[in-house]
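# Observations on chain architecture
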Amino acid sequence: PLKLLQLPAVITNLSGGAKWIRLESSAHIETVEDIPPALPAQLAEDIATFARTISLEQMSAPSGFQHFREELLERLATRTGGKIKDLTFQSIVIE
């Protein structure tokens, strides 16, 4: 069974700078025993970096959020050598 790795909350602006997003998420990973202590913060920074490239209009499109989630999952899996299998959002707030 996969384990949940709680990631630090991410607060950043979306592309265009007028809107902010706050994300709370967890990564589904095979094992949490052998991950470096800095990894959750690095993954959160990856999420923030990608979120800054997305506009509110892109997120609001019919498949926009799905594309956002899939792209994030691919980036996190790449950073961890495929250890991240899924990504769950506990909360998303856009202001």
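The present account deals with the structure reproduced in this document. (Residues numbered from 1 in each chain as written. Predicted model: local features only at pLDDT ≥ 70, side-chain atom pairs only at ≥ 80, totals over all residues. Heavy atoms only, no water.)

A few words now on the packing of aromatic side chains. Within this structure, the stated rule accounts for four aromatic pairs. Summarising the aromatic geometry, the rings of Phe50 and Phe68 are spaced 5.6 Å apart at their centres and angled 20 degrees between planes, so their arrangement reads as stacked. Residue Phe50 is found in helix α1 (residues 39-51), and its partner Phe68 is found in helix α3 (residues 64-79); the two are separated by 18 residues along the sequence. An identical accessibility class is assigned to Phe50 and Phe68; each is buried. Ring geometry for Phe68 and Phe89: centres 6.3 Å apart, planes at 25 degrees, overall stacked. Of this pair, Phe68 sits in helix α3 while Phe89 sits in strand β4 (residues 84-94); the two residues are 21 residues apart in sequence, bridging distant segments of the chain. Overall, the relative accessible area of 0% leaves Phe68 in the buried class. Site record: aromatic cluster; members linked through ring pairs are Phe50, Phe65, Phe68 and Phe89. (Phe/Tyr/Trp six-rings, centres within 6.5 Å; stacked < 30°, edge-to-face > 60°. Helix = DSSP H or I, 4+ residues; strand = E, 2+ residues; numbered from the N terminus. Buried < 20%, exposed > 50% of the residue type's maximum accessible area, 1.4 Å probe, protein only.)

Turning to the pattern of salt bridges, a few remarks are in order. The full count for this structure, using the stated rule, is seven salt bridges. In this structure, Arg79 and Asp46 form a salt bridge, with 2.4 Å as the shortest nitrogen-oxygen distance. In this pair, Arg79 is assigned in helix α3 and Asp46 in helix α1, connecting sequence segments 33 residues apart. Classification of Asp46 as buried rests on a relative accessible area of 17%. Here Glu71 and Arg75 are joined by a salt bridge, their closest N and O atoms 3.1 Å apart. Of this pair, Glu71 and Arg75 both sit in helix α3, separated by four residues, roughly a single helical turn. (Salt bridge = Lys/Arg side-chain N within 4 Å of Asp/Glu carboxyl O.)

Limitation: the analysis is restricted to geometry and does not speak to function.
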